[in-house]
Amino acid sequence: MSNELQVALISGPAYDPLYACLPQFTTATGVAVRVAFHGDHPTLNHHLAELSDVPYDLVSTHTKYAPSQLSFLAALDHVIGPAMLNDFVPLLLELATVGGSLYGIPRNIDVRLLHFRTDVIESPPRTWDDLLVAARENNSPPDHYGFIFPGRESGLFGTFFELAEMAGARLFPPDLVPDIENEGGEWALRWLRTIYTEGLAPPELPQWHYDKVHECFRNGHAAMVGDWPGYYSLYRDPRVSVVHDRFGLSPYPTGPAGKWLAYGGGHTLALTKQGINKPEAVELLLHLTNADQQLSEARQGCVPVRQSVMRRMQEVADAANRARLAMLEQVIREHILIPPKFARYPQVEEVLWRTVQRALIGEVEIDEALTEMRKQISEIVGADQHSVEAPPINAQRHR
């Protein structure tokens with residue numbers, strides 16, 4: 001038995017509170033846990049991808065990234081029994097499954113809601129065009145901007161993905177030939193460019209990841225933001241949040257195609273091919289994803305993926321949080337937008353966010369950017385088409 005496990009974990013205010021349970025594991029088992037790498041998701045992904053030999057026993061990953069990491073992730077089917085998994089939401093287990101094997105235990109599920117300042121905006125906009133109007137009417141820089149979103153990497157790609165599909169474009173149709181050189185794709189890119197070039201978002205936006213966007217709204221410097229569940233407790237904390245008593249939540253507005261969708265997926269914790277052979281690593285995985293830890297994360301705002309924890313949260317939550325959980329459940333059940341699984345998906349995100357960002361700041365024309373993205377996706381997906389898995393059925397029907 002090893003006296004120490006090496007782990008690589010995602011960092012950030014929405015994730016770090018969980019790791020306070022690591023000393024408890026060491027006390028109970030006598031096995032130390034060394035957090036050998038700790039970084040935001042883009043940094044963590046790049047780090048793992050650059051390693052020729054992954055030295056970790058357990059890693060943080062995500063359902064959309066796991067297919068690209070099968071060279072070092074271990075299938076869990078022979079160490080995690082069905083009885084342990086019965087409490088998990090089936091959709092999340094399906095998302096964490098690649099090629100018929102489970103490659104991670106779900107930690108949470110991420111879908112965005114619209115957050116808006118109730119002292120600035122009387123009621124949430126019903127359509128994205130209405131949101132643009134509201135952003136213009138409630139833009140007062142530098143005190144606060146109309147609407148903010150991540151300006152780079154997967155957060156920017158996901159925002160474009162949502163808007164394009166809500167406008168009728170398709171990034172990943174069944175034949176995997178992107179259908180974005182149309183009114184839907186043009187509307188989505190132009191909408192994002194309008195927000196930025198009209199000064200409805202801060203000029204620094206192209207440098208902002210998720211945490212910086214969250215801080216901007218939390219500090220009272222934005223009228224609206226699309227944000228993830230894990231930040232909820234910080235928004236409500238009067239010690240750190242200017243807007244703790246003056247923000248509301250609503251589902252996303254409706255797009256030009258008459259539907260609303262939220263790009264989603266699940267954070268997971270996974271064992272490597274090195275870790276799967278260590279019983280103590282399996283025990284650590286179960287410790288980090290047990291009902292107690294899920295309840296702790298749910299109290300921070302994360303959406304629990306154990307059904308028993310969701311029921312418990314609905315029993316103890318106040319009215320505002322119960323309403324939020326109900327909204328999130330509706331999004332997950334009816335309006336989640338999930339990309340297909342394939343090993344080169346991280347490359348799609350990587351090239352596309354850069355093209356979206358160039359269009360956002362006006363470096364490339366809208367039509368040119370859409371053509372470039374279509375060619376980029378076709379080239380990348382075409383090389384991996386034989387191993388592409390479609391999204392779950394309940395996600396496909398809303399696409």
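Residues numbered from 1 in each chain as written. Predicted model: local features only at pLDDT ≥ 70, side-chain atom pairs only at ≥ 80, totals over all residues. Heavy atoms only, no water.

### Description of the pattern of salt bridges
In this structure the tally under the stated criterion is 17 salt bridges. Linking Arg306 and Asp87 is a salt bridge whose minimum nitrogen-to-oxygen distance equals 3.3 Å. Highlighted residues: Arg306 in the loop between helix H11 (291-300) and helix H12 (307-316) and Asp87 in the loop between helix H3 (82-85) and helix H4 (90-95), separated in sequence by 219 residues. For Arg306, a relative accessible area of 9% puts it in the buried group. Between Asp119 and Arg117 there is a salt bridge, with its nearest N and O atoms 2.8 Å apart. On the basis of relative accessibility, which here comes to 42%, the residue Asp119 falls in the partly exposed class. Judged by relative accessible area, Arg117 falls into the buried class, the value being 8%. (Salt bridge = Lys/Arg side-chain N within 4 Å of Asp/Glu carboxyl O. Helix = DSSP H or I, 4+ residues; strand = E, 2+ residues; numbered from the N terminus. Buried < 20%, exposed > 50% of the residue type's maximum accessible area, 1.4 Å probe, protein only.)

### Notes on empty space enclosed by the protein
The method is simple in principle: a probe with the dimensions of a water molecule rolls over the atoms, and the space it marks as empty is what remains. Enumeration according to the criterion identifies three cavities of 30 Å³ or more in this entry. A volume near 70 Å³ is recorded for the largest cavity. Considering the residues around the largest cavity, the lining is formed by His62, Thr63, Lys64, Leu95, Gly264, Gly265, Ile338, Pro339, Pro340 and Lys341. For the lining of the largest cavity, the per-class residue count stands at four nonpolar, four polar and two charged. Taken as a whole, the second largest cavity encloses approximately 50 Å³ of empty space. Lining of the second largest cavity is provided by Leu113, His115, Asp227, Trp228, Pro229, Tyr232, Leu249, Arg324 and Leu328. Listed by contribution, the elements that provide at least two residues to the lining of the second largest cavity are strand S7 (113-117) and helix H13 (319-335). Across the lining of the second largest cavity, the residue classes break down as six nonpolar, one polar and two charged. (1 Å grid on protein atoms, 1.4 Å probe; cavity = no way out; pocket = protein on both sides within 12 Å on 5 of 7 lines; lining within 4 Å. Points joined across faces, edges and corners; volume = space filled by probe spheres on them. Nonpolar A, V, L, I, M, F, W, Y, C, P; charged D, E, K, R; others polar.)

### Details of the environment of Ile80
Among the structural elements, Ile80 can be located in the loop between strand S3 (58-62) and H3. Here Ile80 falls in the buried class, since its relative accessible area comes to 4%. Considered as a pair, Ile80 and Leu285 are 205 residues apart in the sequence and their alpha carbons are 10.0 Å apart. In this view, Ile80 contacts Leu85, Ile105, Val282, Leu285 and Leu286; residues no more than four positions away in its chain are not counted. (Contact = heavy atoms within 4.5 Å.)

### Remarks on the sheet that holds strand S9 (residues 247-250)
Strand order in this open sheet of three strands is S8-S7-S9, and the pairing throughout is antiparallel. Sheet topology places strand S8 (224-227) and S9 at the edges, where each strand pairs with a single neighbour. Direction aside, the axes of adjacent strands within the sheet are offset by 25 degrees on average. (Pairing = 2+ DSSP bridges. Axes fitted to C-alpha atoms, helices over the stretch in contact; angles between N-to-C directions.)

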